[in-house]
Amino acid sequence: MPKTNEAVVDAMIEGGVTRGFTLPGLGITWSLPAFHARRDDFDVVLCRSEWIASIMAQTVGRLTGRPAALMGQGPWLSTIGAIGILEAHFAGSPMLVLTETSDYDGYGQMGVYQTMTGDYGGADAMTALRPITKYATYATTPEEAVYGVQMGIKHASLPRHGPSAVVMKTSIIRQEVPEPSKPVLYPGAGYYSHTPARPDRAAVERLASLIDGAARPVVVAGNGVLTAGAGAALQALAERAGIAVVTSYNAKGVISETAEVAAGMLGTWGSPTANRVLAEADLVVMIGASMGPDYTRFRDPAMIRPGEQTLVQIDIDPRNAGWVYPVDLAITGDAGDALAMLSEIGLADSARESRLAHVRAIKDRTDYDVLPRPEARQGTVHHADVVAAIQRFLGPDDFLALDAGANRIWTTFGLRMPHPDRLLVPGGTGVMGWAPPAAAAAKLVHPDKRVTCLAGDGGFMMTAQVLSTCVQRRLPVVFVVSNNDGLGMVRDNLGKARLAVDFAPVDFAMMAESMGARGMRVHAPDALSDALAEAHEAEGPVVIDVQVDPDASHHRAVDNAPL
Ligand SMILES: Cc1ncc(C[n+]2csc(CCOP(=O)(O)OP(=O)(O)O)c2C)c(N)n1
Ligand SMILES: [Mg+2]
């Protein structure tokens, strides 16, 4: 008879979960023999912390649309491991969390050590995970563990994707699954079966006629377009009819940002062009976009105007259409299905030229194609120089992961992603320390693509240990560290009242070398392009420590101007 740990691993593999990220402890240590037995079918990636493991698992889910597993001991997974789970929850990435209560063989009621059962004096893994997951279950028998994994995979994989958690009572992990089991267990396939609900044809016909009647229609593309893999379909339709496309942070670059119809990312930290194109629209079609405050300029009443503009929202979850703005038409459905139906119904192209001319005029007025290049102090570079170098470098096979801070604000403001579906961002939380593990995970998923990570010194230091994993797994990722010796964005916002923002200097090139990676340093704007090219020639991971002017402000890249 199989043990719980073996049956759980079998259920994961049967459900298509074949990669897991971990730093093991107690119940997960007890599970490792079962993973070892199936090591040809399941890749266990050893990480340097639960925090890093959680971000790597989330990124794999985000890139593949299938859950990866995050495995770890209850006390750590539900605390430091919560970061990637939180991002998966906010950004709708599939993930299966496998953890346990750390009560050993049943001592949860009798004094406290690591205890996560919810018993007196201890803490409660279920209570910690429930609010940040779509589905969470507490398995106190072998059968509950197997069925919980099956339901976890089901919930994580069905739209809207998200994280699921199975919290096993530790004592069951080494127990045998009774034969016959009670309740009876079935194979997973029938549980995962799913036919998507198709958008309502009459509603999509109404949308087609609204678009045909609009002078300046705009699509706001969100994470749902990305998840549906519908960027190409959106771009084709928009180009045929001359519809402008602006995006959320998560969906930045879901269509080529150098396309005629693309007007960039919305929001205070986005492109002024996008904000104005939206403000001047007469019809706004929001697709798979939750309309979060970061990209609506905190619900700027001048940008989206219910009653004055016609508002249409398409979302896979009916709760999300008409969530933030009252809409004239709400359509339930997958972004890809809705776009396919719209394309089949057909859109008039008679207004195409005048619509495109309008977008072109706003682009010219707002300098869409011009990156400002402020001067940096001698021996340093400006954030804008980093953006310019990355812009020149990016080809069709390049993934770019972004982190947080002034370096990312300059990038979301100034970088035009030339090729679709190549940007990776923590668009749910905006958390620091996300990009380094995300970049490593992207390279695991796409070994044939080039992957570059851009992070500040603050963000990079949080999860830099992933370098060691890149060395171990032979992942030649290039990490560009925008090193301004501090929390640049916060420092900038504080002005003269400067406190808790300056770090002691760190040499990230030396740090890289200590972990077996290669380190480089860049002090001048012109050197960065060469450094990027050289770093990507290397066999293993490379860190480029870029000395960024600590006084380089992000304010020039912030769009707070009235619309
Ligand atoms: C984990 C986490 N803590 C705090 C913040 C708030 N925050 C956003 S950006 C930032 C500064 C980031 O500094 P750094 O990574 O060095 O980038 P820089 O602004 O210097 O380019 C802070 C503290 C956050 N987003 N995530
Ligand atoms: Mg910094």
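Residues numbered from 1 in each chain as written. Chains lettered and ligands numbered in written order. Predicted model: local features only at pLDDT ≥ 70, side-chain atom pairs only at ≥ 80, totals over all residues. Heavy atoms only, no water.

**A closer look at the nonpolar core**
Note the cut-off: Only buried Ala, Val, Leu, Ile, Met, Phe, Trp, Tyr and Cys residues count toward a nonpolar core, and they belong to the same one when joined by side-chain atoms within 4.5 Å. Relative accessible area decides the class of each residue, using a 1.4 Å probe on protein chains only: under 20% of the type maximum gives buried, over 50% gives exposed, and in between gives partly exposed. Here a helix means four or more residues in a row that DSSP labels H or I, a strand means two or more in a row labelled E, and each is numbered from the N terminus. Whether two residues are in contact is decided by their heavy atoms: any pair within 4.5 Å suffices.
Formed by 55 residues in total, the largest nonpolar core has its most connected members in Phe21, Met56, Leu70, Phe460, Phe479 and Val543. Considering each element in turn, this core owes the most residues, eight residues, to helix α17 (residues 435-445). With near-sequence residues (within four places) excluded, phenylalanine 479 lies in contact with Pro436, Ala439, Cys453, Phe460, Val466, Leu467, Cys470, Pro541, Val542, Val543 and Ile544. Judged by nonpolar contacts, the second largest core, of 38 residues, contains Ala208, Ala262, Val312 and Leu342.

**Concerning the side chain of serine 157**
This is how it is decided: As used in this structure description, the phrase polar contact means that two N or O atoms lie within 3.5 Å; if the pair is within protein, one of them must be able to donate a hydrogen and the other to accept it, and residues adjacent in sequence are counted only when both atoms belong to side chains.
Positionally, serine 157 belongs in helix α7 (residues 142-157). A distance of 2.6 Å separates the side chain of serine 157 from the backbone oxygen of isoleucine 153, its partner in a polar contact. Apart from the residues lying within four places of it in its own chain, the contact partners of serine 157 are Arg66 and Pro67.

**Overview of the site of ligand 1**
Our working definition: Being near a molecule or strand, for a residue, means having at least one of its heavy atoms within 4 Å of it. Method for areas: the Shrake-Rupley scheme with a 1.4 Å probe, in which residue coverage is limited to the protein chains shown. Note on residue classes: Ala, Val, Leu, Ile, Met, Phe, Trp, Tyr, Cys and Pro are nonpolar, Asp, Glu, Lys and Arg are charged, and everything else, Gly too, is polar.
Near ligand 1 you find 19 residues, and of these Ala406, Asn407, Gly458, Gly459 and Gly488 are the closest. Asparagine 407 has a polar side-chain atom sitting 2.9 Å from an oxygen atom of ligand 1. Asparagine 484 is positioned such that a nitrogen or oxygen atom in its side chain is 3.0 Å from an oxygen atom of ligand 1. Here ligand 1 loses 79% of its free accessible area of 590 Å² to cover by the protein chains. Going through the elements one at a time, α16 (406-414), α18 (457-463) and α20 (488-494) are the ones with two or more residues in the shell around ligand 1. Within the shell around ligand 1, the residues separate by chemical class into eight nonpolar, ten polar and one charged.

**Topic: the sheet that holds strand β11 (residues 310-315)**
To keep things clear, this is the line we draw: By the convention used here, strands pair only if DSSP detects at least 2 bridges between them. Every axis corresponds to a line fitted to the C-alpha atoms, with the helix fit spanning only the stretch in contact, and the corresponding angles, defined between N-to-C directions, vary from 0 to 180 degrees.
Pairing within the open sheet is parallel, and its six strands lie in the order β9-β8-β7-β10-β11-β12. A strand with exactly one partner marks an edge of an open sheet, and here the two such strands are β9 (262-265) and β12 (329-332). Taken pair by pair, the neighbouring strands of this sheet meet at an average axis angle of 15 degrees, ignoring direction. In this structure, strand β7 (residues 217-221) lies alongside strand β8 (residues 244-247), joined through four bridges in parallel fashion. Following the sheet pairing, valine 219 is matched in β8 by valine 245.

**A short note on unusual backbone geometry**
In this model, glutamate 179 is joined to proline 180 through a cis peptide bond whose omega is 0 degrees. You can see proline 180 is positioned in the loop between β6 (163-168) and α8 (189-192). In this model, lysine 182 is joined to proline 183 through a cis peptide bond whose omega is 0 degrees. Mapping proline 183 onto the fold places it in the loop between β6 and α8. For arginine 297, which is not glycine, the phi dihedral falls at a positive 50 degrees. In this structure, arginine 299 takes a positive phi of about 55 degrees despite not being glycine. Inspection of the secondary structure puts arginine 299 in the loop between β10 (283-287) and β11.

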